[in-house]
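Secondary and tertiary structure notes
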Amino acid sequence: MKTRLQLILEDWEEVKENAARIASDLSQARDMLRIHDLFEKIDAWIKEKELMIQANDVGKDYEHCMTLQAKLDDVHSVNIIHSISMFYHFLRYN
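- Going by what an unreviewed UniProt entry lists, the chain is known as Spectrin beta chain, non-erythrocytic 5 and is assigned to Trichonephila inaurata madagascariensis.

Shown next, in the form of structure tokens:
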């Protein structure tokens, strides 16, 4: 017959196992949320660039062309490219 302490210890081990499982599930859910967020950002970025291309604005003069180029090479683009790179490394090493 098990003592009360043994029963408590068994219950405690079960609680620790459940906590570890839940922590793992939450970690996976967090990673999936990050991936979803990244895809949303990438999708919005692509749509923005597609709209710029569909406008068929090729520039009227040099300054206008430089303005268009600056819009295409904006800081947000660098962040998206960095995010894509980080996602690639995440997939590669996980």
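1. Concerning the pattern of salt bridges
- Scanning the model with the defined rule gives six salt bridges in all.
- For Arg30, the salt bridge identified is with Asp31, shortest N-O distance 3.7 Å.
- Take Arg30: its relative accessible area is 41%, and that puts it in the partly exposed class.
- Classification of Asp31 by relative accessible area gives buried; the value is 19%.
- In this structure, the salt-bridge partner of Lys49 is Glu48, at a minimum N-O distance of 3.8 Å.
- Note on Lys49: relative accessible area 9%, which makes it buried.

2. Remarks on the environment of Phe39
- Looking at where Phe39 falls in the secondary structure, it is placed in helix α1 (residues 4–54).
- When its relative accessible area of 44% is taken as the criterion, Phe39 is described as partly exposed.
- The spatial distance from the C-alpha of Phe39 to the C-alpha of Leu9 is 45 Å, given a sequence separation of 30 residues.

3. Notes on the layout of surface pockets
- Within this model, the largest pocket holds a volume of roughly 220 Å³.
- As for the largest pocket, its lining consists of Asp31, Arg34, Ile35, Asp37, Leu38, Lys41, Ser83, Met86, Phe87 and Phe90.
- Residue assignment for the lining of the largest pocket shows that the elements contributing at least two residues are α1 and α3 (75–93).
- With six residues, the top contributor of residues to the lining of the largest pocket is α1.
- When grouped by side-chain class, the residues that make up the lining of the largest pocket number five nonpolar, one polar and four charged.
- As a volume, the second largest pocket reaches approximately 170 Å³.
- Looking at the second largest pocket, the residues that line it are Met52, Ile53, Ala55, Asn56, Asp57, Leu68, Lys71 and Leu72.
- At the level of secondary structure, the elements contributing two or more residues to the lining of the second largest pocket comprise α1 and α2 (62–72).
- In terms of residue count, α2 provides more of the lining of the second largest pocket than any other element does, three residues in total.

Rules used in this analysis
Residues numbered from 1 in each chain as written. Predicted model: local features only at pLDDT ≥ 70, side-chain atom pairs only at ≥ 80, totals over all residues. Heavy atoms only, no water. Salt bridge = Lys/Arg side-chain N within 4 Å of Asp/Glu carboxyl O. Buried < 20%, exposed > 50% of the residue type's maximum accessible area, 1.4 Å probe, protein only. Helix = DSSP H or I, 4+ residues; strand = E, 2+ residues; numbered from the N terminus. 1 Å grid on protein atoms, 1.4 Å probe; cavity = no way out; pocket = protein on both sides within 12 Å on 5 of 7 lines; lining within 4 Å. Points joined across faces, edges and corners; volume = space filled by probe spheres on them. Nonpolar A, V, L, I, M, F, W, Y, C, P; charged D, E, K, R; others polar.

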